[in-house]
Structures are given as C-alpha cells and as structure tokens.
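Remarks on the overall topology
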Amino acid sequence: MSKISLPYGGQTLHIQKNDTQVVIASDPQAPSSRGITPKNIAPSFLKGFNIVNRDNIPKSRGEASTPFFHLFNLSNEKGANQESLPMMATGDIYIIFHYSFKWKDCQKILQEYKLDIQDIRTPHKLVVSVPQGEDAVTIALQLIDKQEVQLAEPDFLTPIQKASFPLPSHAVNNPQWHLGDGQFQESFLNAGNQTRNPDMFQAGSGVFIRQAWEAMGNLGSSAITIAVLDDAFAIGHPAFANQNKIVDPKSFNDYQQHVLPVSADDKHGTSCAGVALANDMAAGILGACPNAKFMPIKTWGISDRLIEAYFEHAMQADVISCSWAVGKASYILSTRMKEAIHKAATQGRNGKGSIICFAAGNGGYSISHPDNPYAVMDFPTHPDVITVAASNSRGDRSDYSCFGNQIFITAPSNGRDNRQYPDDIEAGKGAGISTVGVAEISQYSRSYKIIHNFSGTSSACPLVAGICALILSVRPNLTANQVKHILKSTTDRIGTSADNYDINGHNRYFGYGKINALKAVKMAQEHAHIPSYIPIDGETPTLDSVDTTNTISAPPTPNTTTIYFDSTLKVTVELPNPEAGLYLKANAVPNIEAGDFDISDTNNSINKSVSLRQIAEGDYYFVIKGIKKPENT
C-alpha cells in the first residue's frame, strides 16, 4: 500500500491506497458509475459493495468492464495502517478556485482533467466527478498544486459506527431513574427480575425532568420537532403512536424507502428516539419531551453527499440527535461535511439554527487532537454541535465515555467509574436506561418491547436533545446559540475532587457539567435576555465566508452581527478578497469612515482576525467591509 498525505478539512489526512484491491457494486441494482446506491452497513464494510482483487475484475478491450471504486485506509503520519476504517473514493471532488481567477481559467482545468460538474455552490465552489475508473485522490493532489485551486477534496464513503455500548450481563436496571433526581425509589422498580441495590443510586445523579415538567405545567410542546438520525425506527411502537407525532420521515437507503427496521441489528434508532420523546403512558415509559414531534431519518453511511443530504433534511427540525460517528481518532471531517453541519446549526429553524447533539463516543479515549486540541476531527469535535458525555447513577463519570476539550455537557447513562470503584464492587455498577425497543423483526411482522438496559453515550445524547426541546417549548424563538448558553449556565458540576474545572468552568470529562432540565427550563422562563454562547478559550468562532465572484461590491453595506459574551472573544473570517477589513466596536456599529471602532484587521490577506480579552459583558458589533477599486487604478 502506498502512503498519501492530503490537505483535507483544514488539516492533513494520512491515508494508504490499496494497490491490489478495489470496491465493486455487488448488487445488480447498483449503478454502473456515479451516484452510489445505498444498502445496509455491514460490520466489515458496506453491504451492496464488495472488496475484490483488482486482477479479478472482468476486462473488455483491455479496460475494466465492471465499474469499480478505489479503496483507501486511514494511516498514521509514518504510513503504518493502524486503523481498519475502509474509505471508498466515490469519484467526487470538492473544488474551490481562488476568487482572483476568472471562470474561463477554471474551465480550462475542468476540461484538462475531464471533470464533470455535479453541483455549482458558487461561481468558484464546485462539486465535480472524475471519469469512471480514475483515481479521485490522485487527481485532487494534482489539482491542489494548480495556482488557480484553493482546495480540492475527494469524497470518501465510510461506514457509520453507532455509539452503542454492550451492557454487562450483571448490570442493574432501575426504570427511568434518570428522569428524576436519581435517588433509589422502590416505586421505580415495576417489572422484571431486577437486582435492587440502593447503593447504586446517588441523589442528584438524575436530570430533574419530572420537576421541569411540573414547572412547565406540561410535557413539552407539540410544535417542537426532534430529528433523530440513526439506523432504523419502529414507528409503529405505542410510544410514537400519538396522533400526528411522526413528521417528514426520510430514508437515505435507496433499497428501503421506509424507515422501519429490517434486521435484528436495526434497533439502535428506536431506543435513541425513545429516550428523547417516547410517550407510552400505558407502559409508563416517557422520553424527555414526550409531546415533541418525531422526524425519523434513516441513515446509511458517511460521505460528503450523504452528510449533506442528512442535514439538509434534518435542519427542518428544531433539534437534531446523532448517536453515531466514525469512531476513529484520526478521522478528519471534510470541508463539505463541516459546511453542511454549520449550515444546519446556523440556518436551520428559519435562521435561528437547529440544535445539533452528538454522542461523544464510548471508546474511553480523548476525542481531541493531541497536537491541536481544538482541531475538527470526527463529528463530535465540530464547533457547532453539542457533544454529550455520559455519567452514571452514582453521579460520576461512566468510564467508557470519551473525553476532551470538545465535550460540551454530560447526561446520565449506564456504567461505572473505575477510578472510584477499582475492585468492581457491587455499589459501583451503574444502572441502565429504560426506554422503548424492538423485540423481534421478521419479513412479515415487528414486535416491540420496553428495555431497561439502554446504554452508552448513545443514550445520553438524545436525553440532552429532549431537554433542548423542553427549553424551546418554553421559548421557541431562542437561537441555537442561546440554547447552548442556557445549557452551559445551568449545569451541575459532578466528579471527584481530582476532576478540576478550568477558569471557564469547563472540564474535559464532563464539559460544563451534568445537564439539569429544571434549571434550564427555569432560566428560559425567567430571564428576559438570554445571551449567546461564546466558546471556551482556544476555540475560534467563524463567520460565514462572503460569497462573491471577484470583489466585494461597492458601495458596501456593513454586515453586522450582534454577539453577547462574558469571556474572551476571538473572531476570524476568511474573505474572498484581501481588499477588505474586519472591524469591531462595543455597543455601537463601527463608523469606519470616521475611524470610530475599537479594533480592526485590515492586513493585506484574505484571513482576518480580531481578538479581545478581559472585556466587559455587552453588545459588540462586527463589520466586514470592502471597497471595489475604480477601473484603471
């Protein structure tokens, strides 16, 4: 295998090309060239596609008669293939041309490499496809060396890894303990042969959802919609049977136009949705926001096209819950993936932003890059999402839960903390989460059940999503950033004395702490002014790039953004033209002509940045302004 280092997602992606094997479509219905048709995810790779030896592909007149896709694997910087993640190059490339070049210059490059335009995002941002059988990675590397090309990223199709966790057989179950304060109550144990051990439960380990319902006087609003992206959904379960509860279901599996489970493995999404919004009064199982609408979105794999499609549909919802990722520490999000999530988080909900929750993962490792802790790697590290870690019924860390600088908040799930209970004593085991599930799936029928052992950050994530829906039930006009501020401001700090929170109130295991639904709902009810969330020190909020062809139009209209903050603030923006400036002023719009602004960046570069420290709380206004130069000057 040959080692390749590729500029990707603002970082460097290290992969190895498999020189002897390729991927072919094994299903007769699969397309002959572009437009990969989804089937199911298999543990080894993707059903519907097989990895075969290149020499075994039938040939006609010296060329392969069977369409194939090039195969790659993640590697470390030295080229060692340490990760088994297969990455199938789909043949698509995302190209951004420098704005200083004219369209005819760009066309020449497209023609040189016989690139077919699939999508025009702006006049200088294109999704193209390479000819069948050509190596998109090799072409991308050649393109990036062109002076006209700013970015060239190939699209890879990768399996999804659910953030599930196999519960130990001896785990203890206490139905819905997480909805209250977490204390052991005999009334919680209403079914099954369960081990009843009060020592497993610590007061305060729950999230006070029952108390939040009481403060609201309801179980949330039916005007709020939660989208759950996962493998499949048993939408016939009584927990989802309320009138008009299901809205805009969508399957991205072309062979399965429905979102229903079709195999025994298709049970993850049903339980995740149950934690967020189940409403099964007969069985006594409720999600965090039982009255919320449910948008089930059946996923397939991970690629640029698929991620864009998932979030384009999901951004119609108020809250988006994702209990999955790639699950590899060295995986890097592409530019298209990052842009798709940013679009949903800022433009969803008619411009207020959809609230996106991601499970942190269950590998017990740091999701932060060792050299650049704030680099965007896998999906839980994206700066626009709420990354959820897991705690246990003892009110401490679940030891499988991933950690790092990107952890935003913690929510209850199963598990124990080996630091506190190194000898695996009975008191240290964490109770599972009770929710809805799938009992049996056949060609002709599906039967449902209640389970008491749902687990992992897969369970913690939709719990946070459901509480976000409660907050919006109280204040539906809040922006996604304002909801994040509420969550940050109302958590309960948990952990041992060794788990230090920094000066910003952040901890790499718990984020800002364990979510508290009652405090969050009360803040939404009682505070007239809700500030926007400002990232912790070290993160860089990024303004949208200004899309234009060659120059910023004149006369310019200031583009102002009001930002509320209570700590260090740094803003960067990449502009298409260096002849522009970034200006900032407190409590008033900067008057650039009069020189009335607090700080500016007018350097001769497309990258502008302003940074303020030790600043008072208030309204700060940013203006990006550029002037088109007159002709013949």
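Predicted model, so just to flag it, every value in this text is computed and none were measured. (Residues numbered from 1 in each chain as written. Predicted model: local features only at pLDDT ≥ 70, side-chain atom pairs only at ≥ 80, totals over all residues. Heavy atoms only, no water.)

With that settled, the discussion passes to the overall build of the protein. When its secondary structure is counted, the protein shows nine helices and 30 strands. The buried share among the 633 residues of the protein stands at 56%. Of the contacts formed within the protein by residues at least 6 apart in sequence, a portion of 74% connects residues at least 24 apart. Accessible area for the protein stands at about 25,700 Å²; split by element, carbon and sulfur atoms hold 46% of it. (Helix = DSSP H or I, 4+ residues; strand = E, 2+ residues; numbered from the N terminus. Buried < 20%, exposed > 50% of the residue type's maximum accessible area, 1.4 Å probe, protein only. Contact = heavy atoms within 4.5 Å. Areas by Shrake-Rupley, 256 points an atom, 1.4 Å probe, with all protein chains shown as cover.)

All right, on to the state of the cysteines then. By the definition in use, this model includes zero disulfides. Free cysteine Cys322: the closest other cysteine sulfur is in Cys461, separated by 6.7 Å. With a relative accessible area of 0%, Cys322 lands in the buried category. Here Cys468 is not cross-linked by a disulfide; its sulfur's nearest cysteine counterpart is in Cys357, at 4.5 Å. (Disulfide = S-S within 2.5 Å.)

Turning our eyes to something else, we now look at unusual backbone geometry. Phi is mostly negative for residues that are not glycine, and the peptide bonds are mostly trans. Positive phi, normally seen in glycine, also occurs at Lys114, with a value near 55°. By the secondary structure assignment, Lys114 is in the loop between helix 1 (103–112) and strand 8 (116–122). By relative accessible area, Lys114 is classed as exposed at 65%. We note that Phe208 has phi near 65°; this positive angle belongs to a residue other than glycine.

Glancing now at the sheet that holds strand 12 (residues 225–230). The seven strands are arranged 13-16-12-18-20-21-22 in an open sheet whose pairing can be described as parallel. The sheet is open, and its two edges are formed by strand 13 (250–251) and strand 22 (409–412), each paired on a single side. Across four bridges, the pairing between strand 12 and strand 18 (residues 319–322) is parallel. Looking across to strand 18, one finds that Leu229 is bridged to Cys322. (Pairing = 2+ DSSP bridges.)

Counting residues in each nonpolar core, the largest one holds 70 residues, and the members touching the most others are Ile209, Ile355, Ile386, Val464 and Cys468. Per element, the largest residue contribution to this core is eleven residues, and it comes from helix 7 (residues 457–474). Sequence-distant contacts of Ile209, defined by excluding residues within four places in its chain, comprise Leu179, Ala288, Leu463, Ile467, Leu470 and Ala517. If you look at the next biggest cluster of nonpolar residues, it comprises 68 residues, including Met87, Leu110, Met295 and Tyr310. (Core = buried A, V, L, I, M, F, W, Y, C linked by side-chain atoms within 4.5 Å.)

This brings us to helix 6 (residues 335–347). Counted at 1.5 Å a residue, the expected span for helix 6 with its 13 residues is 18 Å, and the 17 Å between its end C-alpha atoms agrees. By the burial criterion, the buried members of helix 6 are Thr335, Arg336, Met337, Ala340, Ile341, Ala344 and Ala345. Of the residues flanking the end of helix 6, it is Arg349, one or two places downstream, whose phi is positive at about 55°. (Expected span 1.5 Å × (residues − 1).)

The next thing to look at is the packing of helix 3 (residues 209–216) against helix 9 (residues 517–526). Each pair of packed helices gets described by two things: the angle between the helix axes and the distance between those axes. Look at helix 3 against helix 9: their axes get within 7 Å of each other, and the N-to-C directions meet at 25°. Put simply, helix 3 runs roughly parallel to helix 9. Two secondary-structure elements touch here, helix 3 through Ile209, Gln211, Ala212, Ala215 and Met216 and helix 9 through Ala517, Leu518, Val521 and Gln525. For the contact of helix 3 with helix 9, the residue count by class is seven nonpolar, two polar and no charged. (Axes fitted to C-alpha atoms, helices over the stretch in contact; angles between N-to-C directions. Parallel < 35°, antiparallel > 145°, perpendicular 65-115°, else oblique. Nonpolar A, V, L, I, M, F, W, Y, C, P; charged D, E, K, R; others polar.)

For the structure shown, the criterion picks out eleven salt bridges. With its nearest N and O atoms 3.9 Å apart, the salt bridge here joins Arg336 to Asp304. With Arg336 in helix 6 and Asp304 in helix 5 (residues 304–314), the pair connects residues that are 32 residues apart, well separated along the chain. The same class applies to Arg336 as to Asp304, namely buried. In this structure, Asp492 engages Lys519 in a salt bridge whose closest nitrogen and oxygen atoms are separated by 2.6 Å. Of this pair, Asp492 sits in the loop between helix 8 (480–489) and helix 9 while Lys519 sits in helix 9, placing them 27 residues apart in sequence. (Salt bridge = Lys/Arg side-chain N within 4 Å of Asp/Glu carboxyl O.)

This part covers the environment of Thr387. Within the secondary structure layout, Thr387 lies in strand 21 (residues 386–391). Separated by 31 residues in sequence, Thr387 and Ile356 have C-alpha atoms that sit 8.7 Å apart. Excluding residues within four positions of it along the chain, Thr387 makes contact with Phe358, Ala360, Ile367, Pro380, Gln406, Ile407, Phe408 and Ile409. A distance of 2.4 Å separates a polar side-chain atom of Thr387 from the backbone oxygen of Pro380. In terms of polar contacts, Thr387 uses its side chain to reach the backbone carbonyl oxygen of Gln406, at 3.5 Å. (Polar contact = N/O pair within 3.5 Å; in protein donor to acceptor, adjacent residues only side chain to side chain.)

On to the pairing of strand 27 (residues 580–586). In terms of residue burial, strand 27 counts as a mostly covered element, since six of its seven residues are buried. Note that strand 27 and strand 28 (residues 599–601) share three bridges and pair antiparallel. Its bridge partner being in strand 28, Tyr583 is matched across the sheet by Ser600.

The next point concerns the confidence of the model for the protein. Taken residue by residue, the protein gives an average pLDDT of 78. The fraction at 70 or more is 75%. Looking over the protein, one finds the lowest element-wise mean pLDDT in strand 25 (residues 559–564), namely 38, and the highest in strand 18, namely 98. (pLDDT = per-residue confidence, 0-100.)

As a further point, take the side chain of Arg397. Structurally, Arg397 is set in the loop between strand 21 and strand 22. Here Asp399 takes part through its backbone oxygen, which lies 3.4 Å from a polar atom of the side chain of Arg397.

Before going further, it helps to spend a moment on the packing of aromatic side chains. Summed over the entire model, instances satisfying the criterion amount to 13 aromatic pairs. Pairing Phe233 with Phe294 gives two aromatic rings, centres 5.6 Å apart and planes at 80°, and the pair type is edge-to-face. Highlighted residues: Phe233 in the loop between strand 12 and strand 13 and Phe294 in strand 16 (residues 293–298), separated in sequence by 61 residues. Look at Tyr512 and Tyr533: their rings are 6.3 Å apart centre to centre, the planes differ by 80°, and that puts the pair in the edge-to-face class. Of this pair, Tyr512 sits in the loop between helix 8 and helix 9 while Tyr533 is found in the loop between helix 9 and strand 25, placing the two residues 21 residues apart along the sequence. The class for Tyr512 is buried, based on a relative accessible area of 4%. (Phe/Tyr/Trp six-rings, centres within 6.5 Å; stacked < 30°, edge-to-face > 60°.)

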